Amino acid sequence: MSLTKEYTLSIEKTATSRISSVDFSNLTFGVTFTDHMFECDFKNGAWQNPTIKPYGPLSIYPASKVFHYGQAVFEGMKAYKDADGSIFLFRPIENLKRINISSKRLAIPEFPEALFFEALETLLNLDKAWAQTGVGNSLYIRPFVIANENCVSASPSNEYKFMIIVSPVSAYYSGELKVVVAEKYSRSANGGVGFAKAAGNYAAQFFPTNLAKEKGFQQVIWTDADTHQYLEEAGTMNVFFRINDTLITAPTSDRILDGVTRKSVIALAQRAGVLVEERKLTVSELITASHDGTLKEIFGSGTAAVISPVSAFSFTEVLYELPKLTDSYALRFKKQLTDIQYNLSEDPFGWRYKVV
Ligand code: COI
C-alpha cells in the first residue's frame, strides 16, 4: 500500500444540513447528494490529509490529467436502512478490492483498506439521516479516484484525489428493459479495460446507447469486439440468460466486469439448486432458444439497478419478445438479494456489513 504518512481523519461538519429541502419520494437517480463528502490526496508518493467536509465544488487545475487522458476509476455501492434504523453495506470489501484492481490497470496507486472503511463508516454515520427505510430506497455510494496533477504530459499523474460522495436513491430503472444486441459498437476488447470500472468505459457507451434510444430501446447488449457473436454485458450491468432452467452468464475475463451483484446472483442460484453456466453464449444460440421457446428470461444485474428484467431484444432489426413468467429467476433472486441487503432475512453468506 502507498499510504506512508501518519494520518488522522479530519472532519468539518456542515453548518446547515440541506436534508429538509429534499423530496425523498421524488428522487432522480444520482442528482441529490448528502451533506458531506470524503476527500484524500495522493502527493509525494503517499495518500494524505484524509478529510470529510461539506459536499461542494472542487478547485482543480485545467491541466489535471483526468480531463485530458481520463485517468479515473470509480465504484458503485449502496447502504441500506432496516426498519430499526440500522444501516448496512453489502460486501463492501469487494468494492475496495475492485477499485484497487481498476486503479492498478489505470496506473493509479491503490487505496488503503483501513482508511477506506474508516472514511466510509464515518461519512455514513454523519449522513445517516439521509438513508430512508423501504426496499428500493438506499444511499448510492460513489467512491472514485481522479488524476489531478497539473500537467498535460501523457504519462501517469503524480497526484490523485480519492473521494467518496453519497446520493439518496430509489430504484434505478423503472419497468422492464428493451435492449438492442450490438452489431457494430463494443464496450471492451481483449487486453483492454473492460474488467475495470474505468470512467472512459462508460463514456464510450453513451453514443451507441443514444442510437438505441432513438429506436425506442433503453440499453445495448454488448457483444465481443472481434466477432459480435458473443453476448457480454447489458448497458452498465452484467447480463444473465435463462435457457430452460439453466442460468447462463459470460465468464469473467479482461472484457467483463466482475460484478458484485453478478457473483451474488450466481451464489443464490446455486444455493437454490439452479444450474449456472459461466460460459460464452452466442447470439445465434440466443435466437434459436427464442424461436424454440426455451429462452425464458434475460436480466441485467448491477449495484445501481440490482436486477433488471429484459422484456425484448432486437437483433438485425428483428424484435424478439421474452415470455412473461410468474416464477421468474429475476424476481426470485432480486427478492432474496434485497431481503439480505435490507436485513429482512438471514444472511447465510455473511454479506451484510453493519455500519450504524
Ligand atoms: C453500478 O451499478 O454501480 C454502475 O456501475 C452503474 C452506474 C454507472 C450508474
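Counting from 1, residues in each chain are numbered in the order their sequence is written. Local features are withheld for residues below a pLDDT of 70 in this predicted model, meaning they are given only at 70 or higher, and side-chain atom pairs are given and counted only at 80 or more; totals for whole chains, interfaces and linings count all residues. With hydrogens and water excluded, all non-hydrogen atoms of the structure serve as input to the side-chain values.

S.K.: When you look at the domain arrangement of the chain in this model, what are you seeing that I'm missing?
M.R.: On domain assignment, one finds that the chain holds domain 1 (10-169) and domain 2 (177-341). The centre of domain 1, based on its C-alpha atoms, is set 27 Å off from the matching centre of domain 2. Residue contacts are defined here by distance: any two heavy atoms, one from each residue, within 4.5 Å place the two residues in contact. Each partner contributes to the interface: domain 1 provides 21 residues, whereas domain 2 provides 22 residues. The contact between domain 1 and domain 2 buries some 1,800 Å² in all, and 64% of this surface belongs to carbon and sulfur atoms. Distance and chemistry together define a polar contact, namely a pair of N or O atoms within 3.5 Å, with one atom able to donate a hydrogen and the other to accept it when in protein, and with adjacent residues in sequence counting only for side-chain atoms on both sides. Our count for the contact surface shared by domain 1 and domain 2 stands at 12 residue pairs in polar contact (both at pLDDT 80 or more). Where helices and strands are cited, they refer to DSSP runs of H or I of at least four residues and of E of at least two residues respectively, numbered from the N terminus. Elements that contribute at least two residues to the side of domain 1 that touches domain 2 include exactly β4 (72-74), β5 (77-81), β6 (87-90) and α2 (92-105). Looking at which element gives the most residues to the side of domain 1 that touches domain 2, the answer is α2, with 6 residues. Across the side of domain 1 that touches domain 2, the residue classes break down as 12 nonpolar, 3 polar and 6 charged. Where each domain starts and ends comes from a domain assignment, either automatic or drawn from a database. Here the buried area means the combined drop in accessible surface, using a 1.4 Å probe, for two parts upon being joined, counting both sides. All amino acids are sorted into three groups, where Ala, Val, Leu, Ile, Met, Phe, Trp, Tyr, Cys and Pro are nonpolar, Asp, Glu, Lys and Arg are charged, and the leftover types, Gly among them, are polar.

S.K.: Would you take a moment to explain α2 for this structure?
M.R.: Helical geometry note: an α-helix holds 3.6 residues per turn, so side chains three or four residues apart project in the same direction. Multiply 1.5 Å by the residue count of a helix minus one, and that product is the helix's expected span. In this model α2 runs 20 Å from its N-terminal to its C-terminal C-alpha over 14 residues, within 8% of the 20 Å that 1.5 Å per residue would give. Taken together, the buried positions of α2 are occupied by Pro 92, Glu 94, Asn 95, Leu 96, Arg 98, Ile 99, Asn 100, Ser 102 and Ser 103. Ala 107 sits one or two positions beyond α2 and adopts a positive phi of about 60°. Accessibility here uses a 1.4 Å probe with only protein chains present; expressed as a share of the type maximum, an area under 20% marks a residue as buried, one over 50% as exposed, and anything in between as partly exposed.

S.K.: For this particular structure, what's the right way to read helix α7 (residues 329-341)?
M.R.: Under the 1.5 Å per step criterion, the end-to-end length of α7 is 18 Å for 13 residues, consistent within 8% with the ideal 18 Å. All of the buried residues in α7 are Tyr 329, Ala 330, Phe 333, Leu 337, Thr 338, Asp 339, Ile 340 and Gln 341. The first or second residue beyond α7 is Asn 343, which carries a positive phi of 60°.

S.K.: Just checking my understanding: could you explain the pairing of strand β17 (residues 318-321) for this structure?
M.R.: Every regular strand shows the same layout, with side chains that alternate between the two sheet faces. Sheet analysis places strand β16 (residues 306-315) next to β17, joined by 4 bridges and oriented antiparallel. Its bridge partner lying in β17, Phe 315 is registered against Val 318. Any two strands with at least two DSSP bridges between them are considered paired. Between the end of β16 and the start of β17, which pair antiparallel, lie 2 residues, with Thr 316 showing a positive phi angle near 45°.

S.K.: Would you take a moment to explain the nonpolar core for this structure?
M.R.: Across soluble globular proteins, nonpolar side chains show a tendency to be buried alongside one another. Nine residue types can take part in a nonpolar core, namely buried Ala, Val, Leu, Ile, Met, Phe, Trp, Tyr and Cys, and a core is a set of them joined through side-chain atoms within 4.5 Å. Ranked by size, the top nonpolar core spans 39 residues in total, and within it Phe 38, Phe 116, Ile 141, Phe 162 and Ile 164 carry the most contacts. When residues of this core are traced back to their parent elements, those giving at least two are β2 (36-43), β3 (46-54), β5, β6, α2, α3 (113-126), β7 (138-147) and β8 (160-169). Among the elements that make up this core, the one with the highest residue count is α3 (7 residues). Setting aside residues up to four positions removed in sequence, Phe 38 forms contacts with Leu 9, Pro 50, Thr 51, Ile 52, Phe 111, Leu 115, Ala 119, Leu 123, Phe 162, Met 163 and Ile 164.

S.K.: What is the right way to read empty space enclosed by the protein from this model?
M.R.: Space left empty within the atom packing is revealed by a probe, the size of a water molecule, rolled over the atoms. Grid spacing is 1 Å over the protein atoms alone, the probe is 1.4 Å, and a cavity is where that probe fits but cannot get out, while a pocket is an open set with protein on both sides within 12 Å along at least five of seven lines and lining residues have an atom within 4 Å of a point. Grid points are joined across faces, edges and corners, and a volume is the space filled by probe spheres set on the points. Taken as a whole, this structure holds 2 cavities of 30 Å³ or more when the rule is applied. Considering only enclosed or pocket space, the largest cavity measures out at about 100 Å³ in volume. Lining the largest cavity are 13 residues, and of these Tyr 80, Phe 90, Thr 261, Thr 303 and Gln 341 sit closest to its centre. Where the lining of the largest cavity is concerned, the elements lending two or more residues are β5, α5 (260-271) and α7.

S.K.: Looking at this structure, how should I read the packing of α2 against α3?
M.R.: When two helices pack together, their arrangement is given by the angle between the helix axes and the distance between those axes. Think of each axis as a best-fit line through the C-alpha atoms, taken over the contacting stretch in the case of a helix, with angles from 0 to 180 degrees between the N-to-C directions. Two elements in contact, α2 and α3, have axes separated by 11 Å at closest approach and are oriented at 125°. Taken together, the axes of α2 and α3 lie oblique to each other. For the element pair α2 and α3, the recorded crossing hand is right-handed. Touching Pro 92, Ile 93 and Leu 96 of α2 are Glu 113, Phe 116 and Phe 117, all from α3. Comment on the angle field: the value is read as roughly parallel under 35 degrees, roughly antiparallel over 145, roughly perpendicular from 65 to 115, and oblique elsewhere. Note: crossing handedness is left-handed where the near helix turns anticlockwise from the far helix by less than a right angle, and right-handed where it turns clockwise.

S.K.: Any chance you could explain the packing of aromatic side chains here in plain terms?
M.R.: Given two aromatic rings, their pairing is described by the distance between the two centres and the angle made by the two planes. Stacked, edge-to-face and tilted labels apply to pairs of Phe, Tyr and Trp rings (six-membered ring for Trp) whose centres lie within 6.5 Å, assigned for plane angles under 30 degrees, over 60, and everything in between, in that order. By the definition in use, this model includes 21 aromatic pairs. Considering the side-chain rings of Phe 313 and Tyr 320, the 4.8 Å spacing of their centres and the 10° angle between planes classify their relative orientation as stacked. Just as Phe 313 is buried, Tyr 320 falls in that class too. A network of ring pairs unites the aromatic residues Phe 38, Phe 42, Trp 47, Phe 111, Phe 116, Phe 117, Tyr 160, Phe 162 and Tyr 353 as a single cluster. For a ring to carry a charge above it, either NZ of a lysine or CZ of an arginine must fall within 6 Å of the ring centroid while also lying within 35 degrees of the normal to the ring plane. When the ring centre of Phe 217 is taken as reference, the NZ or CZ atom of Lys 178 above it lies at 5.2 Å. Across from the ring centre of Tyr 329, 3.8 Å away, lies the NZ or CZ of Arg 242, which sits over that ring.

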